[in-house]
Structure formats: C-alpha cells, structure tokens
Amino acid sequence: MEEQTKKLLANDAVVYGATQIFDALSDFTRFQILSALLAGEKSVTELQEVCHVSQSAISHQLRLLRDRSLVTARRDGQRSIYSLADDHIGLLIGIGLEHAAEEEGVE
C-alpha cells in the first residue's frame, strides 16, 4: 500500500468523505446522471431524457451529487447547467464499469 494511501486511511474525515462518494455512486439514477455528464454539460431536461425519470427525481439526485461535490452547476438564463466536478469522477466511473464488465465476462 502506498504511503499516501496509508496517510489518507488514517484520517477519519477523508475516509468518511470517500464512503459518501461511493454511496452516491451506488444509486442507478445517480450513476446514469454522472455517466451522461462524462460527455459534457447537461441541463435537467437533457438529464431527464437520458434517465427517464421525473424532473423532481433528477433535481433531488443532483442536489445529493452537488452536496457530495461530484457535480457543479452554473446558471444559463433561468436554467442550471450541470457538469462533473473534476476528472476523478470519470476515473471512478470508468474503473467501476471495467470491474463490472470483468465480473460479467464482457469485453
């Protein structure tokens, strides 16, 4: 185990933050939202089309994702445009998908 990882594991606040990130990733709709944002910024309406859930459901999930610093929002007139907070989220999604594909025998 790397020295930096050992140091981070000794910090309860960091470990708690990491568990909150993985908790957020464990929901199917939130995972769909984050995956859609890999392709670039999206509005609530665009995310609704991808996830096939109500506007209120998308807004609820986006609020949780913002609270956990996984997405950011900017205003464009009266609508909010969402994007991934940073490149780490894309890496987590990619690693999760690769691991799941390996488990399922998908190449």
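All of these numbers come straight from a predicted model, not from anything done at the bench. Residue indices follow the written sequence of each chain, beginning from 1 at its first position. The model is predicted, so local features are restricted to residues of pLDDT at least 70 and side-chain atom pairs to those at 80 or more, both for listing and for counting; the totals for chains, interfaces and linings are taken over all residues. In computing side-chain values, all of the structure's heavy atoms are included and hydrogens and water are not.

Participant: Which residues make up the side chain of Q61, and what values go with them?
Facilitator: Under the DSSP-based scheme used, a helix requires at least four consecutive residues in state H or I and a strand at least two consecutive residues in state E, with every element numbered from the N terminus. Among the secondary structure elements, Q61 is positioned in helix α5 (residues 55-67). Whether two residues are in contact is decided by their heavy atoms, any of which lying within 4.5 Å being enough. Apart from the residues within four sequence positions on either side, Q61 is in contact with D27, T29, R30 and I33.

Participant: Mind laying out the confidence of the model for the chain, listing which residues take part and the relevant values?
Facilitator: Summary of the metric used: pLDDT quantifies the predictor's per-residue confidence within the range 0 to 100. Looking at the chain, pLDDT values average 95 and 100% of them are 70 or higher. At the low end of the mean pLDDT range in the chain sits helix α6 (residues 87-104), at 93; at the high end sits strand β1 (residues 42-43), at 98.

Participant: Break down the nonpolar core for me, citing the residues and quoting the values.
Facilitator: One finds I33, L34 and L62 to be the most contacted residues of the largest nonpolar core, which totals 19 residues. Once you skip the residues sitting within four places of it in the chain, I33 turns out to touch L47, C51, I58, Q61, L62 and L65. Nonpolar cores were defined as sets of buried Ala, Val, Leu, Ile, Met, Phe, Trp, Tyr and Cys residues, with membership established by side-chain atoms within 4.5 Å. For every residue, the accessible area (1.4 Å probe, protein chains only) is compared with the maximum for its type, and the residue is labelled buried under 20%, exposed over 50%, or partly exposed between those bounds.

Participant: With reference to specific residues and values, describe the pairing of strand β2 (residues 71-76).
Facilitator: In this sheet, strand β3 (residues 79-84) lies alongside β2 in antiparallel orientation, the contact comprising six bridges. Counterpart to T72 in the pairing with β3 is S83. Think of it this way: DSSP has to see at least two bridges between two strands before they count as a pair. Joining the antiparallel neighbours β2 and β3 is a turn of two residues, in which G77 adopts a positive phi near 70 degrees.

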